[in-house]
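# Chain and residue survey
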Amino acid sequence: MSHDETLRHLLEDAAKRGIDYREQSVSLSVAPSPEAVENVQRFIEPLPNDGTADLDVLAQLDEIGTPAAVGMTGPRFFGFVIGGSLPVTLASNWLAAAWDQNDVMYEVTPATATLEQVAMEWMIDLFGLPADTGAAFVTGATIANFSALAAARNRVYAGVGWNVEADGLIGAPPISILVGEEVHPTVIKGIGLLGFGRNRVQRLAVDGQGCIDATRLPRIEGPTIVCTQAGNLNTGGFDPVGDICDAVKARGAWVHVDGAFGLWAAASPDLAHLCNGLQAADSWATDAHKWLNVPYDCGIAFVRDAPALKAAMSITADYLITETRNRNPSDYTPELSRRARGVDVWTALKSLGRSGLAEMLNRCCSNARRFADGLAKAGFEILNDVNLNQVLVSFGDDSRTRRIIEAIQADGTCWCGVTVWQGHTAMRISVSNWSTTFDDVDVSLEAIVRIASETQ
Ligand SMILES: Cc1ncc(COP(=O)(O)O)c(C=O)c1O
């Protein structure tokens, strides 16, 4: 076989295996069988001295790996906040992987750098952000939060005459960082990575949906960053970002919004009211691998003051083409070498269009509502206001709730996670997958109600 024939054969074999998996994932049990999980031990071996034929490597991957894959991409995975990768984005991801572009500099990868720029501009438009907002395409909301806060750190210190990029934090003027009581832990991690100290944050009081109470903000003194969120991971609630901006921006504070999934609400006319006012903030983080349903991994940081993001991230070196009239993707990201994530975002938005995106977002919310109504009707307590795609349900006391969730996960009809929220142990249902239908919700409801009735 020639080199070309081998390549074609190998890639076609991989495509066939991938397609088979995706076709079956609709009907497969969401949870892999215990035997399949046990079988992954077969991967564990000393590094072989001799190589293995490529087709055999792929066959082993499929034979052992596929049965042990959790049905995260299927329509009945409701754990965490997990999107399911639209088929066209899986396809574009495969194509872009074949291109294997290192999406660092426009001059070297003009196609992917342009696609990233177009995807960025489309999202800026969808979210109603200022047209000259800068953006970084990164692994996910964790690093998007980190990147946006690095820009905040740059600008807030510059405001008091300190060049934090050059001089670091030793001897820097003090700074205040305010977060909501229910801030996502990855924001705290970003604060730690930036050298501020995870414990030095001031936590702001929240209301019954976990949202910052804008009437109880402390007085802002000196350089300050306020971290808000659009889409509480438990309730789906939105901090009143507009009110917070009104209260703190006149005193020079930087307001950041963690909108890992919630920011997408701005792209649906039916949900956009939830995002009213957040456009006044200074930076925003979101994920495309959650509600936009592109393959892992893909998050985006947006920063109103694009030069602040660039000042925090860009580098120069004699061997890099950093002087260009075009946008260099890596001027805005923590990494230098990176895959071309913008391709998947561009593909999803081009394929869905404004109306298709809004319809997908609305459908997830209707499905969440259907879950909440069905569970309430069956006599279980819904703990949150279901205004988005998140549902919190209690089955009674904490240990019974946990036993029921474990049984639901083992049953395999659907997968839902556990959380402890405002003192209650609850099951979290997050409807984020493009392919979930009313039927999927009904089948899942039936299983949940049956399992709950069988569990003491
Ligand atoms: C509100 C919020 N912020 C940040 C994150 C972290 O996102 P990622 O895991 O994509 O880094 C999540 C993940 O669920 C989230 O829900």
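Residues numbered from 1 in each chain as written. Predicted model: local features only at pLDDT ≥ 70, side-chain atom pairs only at ≥ 80, totals over all residues. Heavy atoms only, no water.

### Some thoughts on the overall build of the chain
- When helices and strands are counted, the chain shows 13 helices and eleven strands.
- The C-alpha radius of gyration of the chain comes to 23 Å, within 12% of the 23 Å expected for a compact globule of 456 residues.
- Projected onto its principal axes, the C-alpha coordinates of the chain cover approximately 65 × 60 × 45 Å.
- The 456 residues of the chain split such that 52% are buried.
- For the chain, long-range pairs separated by at least 24 residues make up 73% of all intrachain contacts whose partners lie at least 6 apart in sequence.
- Of the roughly 20,300 Å² of accessible surface on the chain, 53% is carried by carbon and sulfur atoms.
- Each charge class in the chain was averaged separately, 35 positive and 55 negative side chains, and the resulting centres sit 5 Å apart. (Helix = DSSP H or I, 4+ residues; strand = E, 2+ residues; numbered from the N terminus. Rg over C-alpha atoms; globule rule 2.2 N^0.38 Å. Buried < 20%, exposed > 50% of the residue type's maximum accessible area, 1.4 Å probe, protein only. Contact = heavy atoms within 4.5 Å. Areas by Shrake-Rupley, 256 points an atom, 1.4 Å probe, with all protein chains shown as cover. Lys, Arg positive; Asp, Glu negative; His and termini not counted. Charge placed at Lys NZ, Arg CZ, Asp CG, Glu CD.)

### A closer look at the packing of aromatic side chains
- Applying the stated criterion across every chain yields a total of seven aromatic pairs.
- On the basis of an interplanar angle of 15 degrees and a centroid distance of 6.4 Å, the ring pair of Trp122 and Trp346 is categorised as stacked. Of this pair, Trp122 sits in helix α5 (residues 110-127) while Trp346 sits in helix α11 (residues 342-377); the two residues are 224 residues apart in sequence, bridging distant segments of the chain.
- Judged by its relative accessible area of 31%, Trp122 is partly exposed.
- The class of Trp346 is partly exposed, set by a relative accessible area of 26%.
- In textbook terms, an aromatic cluster arises when at least three aromatic residues are bridged by ring pairs, as seen for Phe77, Phe80 and Trp415.
- Over the ring of Phe438 we find Arg370, and its NZ or CZ is 4.1 Å from the ring centre. (Phe/Tyr/Trp six-rings, centres within 6.5 Å; stacked < 30°, edge-to-face > 60°. Lys NZ or Arg CZ within 6 Å of the ring centre and 35° of its normal.)

### What about the environment of Val420?
- Its place among the elements puts Val420 in strand β10 (residues 417-421).
- Taking relative accessible area as the criterion, Val420 reaches 51% and is therefore assigned exposed.
- Once the C-alpha coordinates of Val420 and Ala311 are considered, the two residues, 109 residues apart in sequence, prove to be 39 Å apart.
- If near-sequence neighbours (up to four positions away) are discounted, Val420 is found in contact with Arg402 and Thr425.

### Examining a nonpolar patch on the surface
- A cluster of nonpolar side chains, Phe43, Ile44 and Leu61, forms an exposed patch at the surface whose accessible area comes to about 300 Å².
- On the secondary structure map, Ile44 appears in the loop between α2 (34-39) and α3 (54-68).
- The class for Ile44 is exposed, based on a relative accessible area of 62%. (Patch = residues over 30% accessible without salt bridge, like charges linked within 9 Å, V, L, I, M, F, W, Y side chains within 5 Å. Salt bridge = Lys/Arg side-chain N within 4 Å of Asp/Glu carboxyl O.)

### Considerations on the environment of Arg450
- By secondary structure assignment, the location of Arg450 is in helix α13 (residues 438-454).
- With a relative accessible area of 36%, Arg450 lands in the partly exposed category.
- C-alpha of Arg450 to C-alpha of Ile408: the two residues are 42 residues apart in sequence and 9.6 Å apart in space.
- Not counting chain neighbours up to four residues away, the residues in contact with Arg450 comprise Asp411 and Thr413.

### Description of the sheet that holds strand β8 (residues 381-382)
- Reading across the sheet, the four strands line up as β8-β9-β11-β10 and stay open at both edges, with antiparallel pairing between neighbours. In this open sheet, the two strands that pair with only one neighbour each are β8 and β10.
- Of the pairings in the sheet, the one linking β8 to strand β9 (residues 390-394) comprises two bridges and is antiparallel in character. In the strand pairing of β9, Ile382 is matched with Val393.
- On top of the sheet, α11 reaches β8, β9 and β11 (424-430); it is set at about 15 degrees to β9, its chief contact. (Pairing = 2+ DSSP bridges. Axes fitted to C-alpha atoms, helices over the stretch in contact; angles between N-to-C directions.)

### Quick look at the packing of α5 against α11
- Here α5 crosses α11 at 35 degrees, and the two axes come no closer than 8 Å. Regarding α5 and α11, the two cross each other, and that crossing is left-handed. Residues Thr112, Leu115, Glu116, Val118, Ala119, Trp122, Met123, Asp125 and Leu126 of α5 form the contact with α11, whose own contacting residues are Gly342, Val343, Val345, Trp346, Leu349, Lys350, Arg354 and Leu357.
- Here the contact of α5 with α11 is composed, by residue class, of eleven nonpolar, two polar and four charged. (Left-handed = near helix turned anticlockwise from the far one by under 90°. Nonpolar A, V, L, I, M, F, W, Y, C, P; charged D, E, K, R; others polar.)

### Describing the domain arrangement of the chain
- Entries for the chain in the domain assignment read domain 1 (3-30 + 32-69) and domain 2 (94-348).
- A separation of 36 Å is found between the C-alpha centroids of domain 1 and domain 2. (Domains from an automatic or database assignment.)

### Things to note about the side chain of Thr89
- Here Thr89 is to be found in helix α4 (residues 87-99).
- Among the polar contacts made by the side chain of Thr89, one reaches the main-chain carbonyl oxygen of Leu86 at a distance of 2.7 Å.
- Not counting the four nearest positions on each side in its chain, Thr89 is found in contact with Asn293, Val294, Pro295, Asp344, Thr347 and Ala348. (Polar contact = N/O pair within 3.5 Å; in protein donor to acceptor, adjacent residues only side chain to side chain.)

### Some points on the nonpolar core
- The biggest cluster of nonpolar side chains holds 80 residues, and the ones touching the most others in it are Trp264, Leu292 and Leu357.
- Among the elements that make up this core, the one with the highest residue count is α11 (13 residues).
- If we skip the residues at most four places from it in the chain, Leu292 touches Leu86, Trp264, Val345, Ala348, Leu349, Leu352, Leu357 and Met360.
- Counting 33 residues, the second largest nonpolar core, distinct from the first, contains Val138, Ala172, Val183 and Phe196. (Core = buried A, V, L, I, M, F, W, Y, C linked by side-chain atoms within 4.5 Å.)

### Here's the deal with helix α9 (residues 241-248)
- When we look at burial in α9, the residues that qualify are Val241, Gly242, Ile244, Cys245 and Val248. Along the axis of α9, the buried positions cluster into a sector of 160 degrees, meaning they face one direction only.
- The secondary structure elements touched by the buried residues of α9 are β4 (224-229) and β5 (254-258). (Arc of directions from axis to C-beta.)

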